[in-house]
Amino acid sequence: EEGEMQTILNMLALNRLGVFTIISSGMRRTTGAIQECTRILNMEHEVDERFIDFDAGDWTGKRWTDIAREDPEQYSNCMHDGRKLIVPGGESMEWFEARVMQGWEDLLKNDRELIAVITHSCVIALLVANIEGLENVDLKGPPVGSMQNIYIDKVLYFNFQTYS
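Okay, so let's go over this structure. (Residues numbered from 1 in each chain as written. Predicted model: local features only at pLDDT ≥ 70, side-chain atom pairs only at ≥ 80, totals over all residues. Heavy atoms only, no water.)

Here the focus is the pattern of salt bridges. Scanning all chains against the criterion turns up six salt bridges. When the shortest N-O distance is used, the salt bridge between Asp-48 and Arg-50 registers 2.8 Å. We classify Asp-48 as buried; its relative accessible area is 15%. Owing to a relative accessible area of 25%, Arg-50 belongs among the partly exposed residues under this scheme. (Salt bridge = Lys/Arg side-chain N within 4 Å of Asp/Glu carboxyl O. Buried < 20%, exposed > 50% of the residue type's maximum accessible area, 1.4 Å probe, protein only.)

Okay, the packing of aromatic side chains next. Using the criterion set out here, one finds three aromatic pairs in the structure. An angle of 75° between the planes, with centres 5.1 Å apart, marks the rings of Phe-54 and Phe-96 as edge-to-face. Here Phe-96 lies in helix α5 (residues 93–108) and Phe-54 lies in the loop between β2 (44–47) and α3 (64–70), a separation of 42 residues in the sequence. Of the residues examined, Phe-96 reaches a relative accessible area of 0% and is grouped as buried. Through pairs of rings, three or more aromatic residues link up here, namely Trp-59, Trp-64 and Tyr-75. (Phe/Tyr/Trp six-rings, centres within 6.5 Å; stacked < 30°, edge-to-face > 60°. Helix = DSSP H or I, 4+ residues; strand = E, 2+ residues; numbered from the N terminus.)

Turning next to a nonpolar patch on the surface. Together, Met-5, Ile-8, Leu-9 and Leu-12 make up an exposed nonpolar region whose accessible area comes to about 330 Å². Looking at the secondary structure, you find Leu-12 in helix α1 (residues 2–16). (Patch = residues over 30% accessible without salt bridge, like charges linked within 9 Å, V, L, I, M, F, W, Y side chains within 5 Å. Areas by Shrake-Rupley, 256 points an atom, 1.4 Å probe, with all protein chains shown as cover.)

What follows is about the pairing of strand β1 (residues 21–24). Side chains of β1 alternate between two faces, with Thr-21 and Ile-23 and Ile-22 and Ser-24 buried alike. Note: β1 against β2, four bridges, orientation parallel. When the bridges of β2 are listed, Ile-22 appears paired with His-45. When β1 meets strand β3 (residues 115–119), the two strands line up parallel, connected through four bridges. If you follow Ile-23 over to β3, its bridge partner there is Val-117. (Pairing = 2+ DSSP bridges.)

Structure representation (structure tokens):
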């Protein structure tokens, strides 16, 4: 319930700012309340799977404390330099970065003025690192339920999953 309320409040704020197009990953935790909000607020909603969360492979469903204990080197890479991350059974960082950045490049080519992309903290962390030219990627990203504003030519508001 709290996560859905966060989504509703964020969607209302975006609507007031003049955002009429929402792009999200297809994961249920990002599309849940968004579909209903976009319908009520008369906003467009598109799914772009390039903004789906990082495939955590064998780490899926594990707590960060368990990962830190079981694999301290990769946990450190995740927290401080995501480009060095190797997750057993998961997506390569090279592939993850390529698909996310291709999605970003395509967004910059759009003819709409203001878009909100609702995605995941790993995706946002990677985008911020690339846009700001950072050598290291901190895959923790911004806090769950917050909004990250990125200004490139047009204003694109990035939000991500609001369900903890």
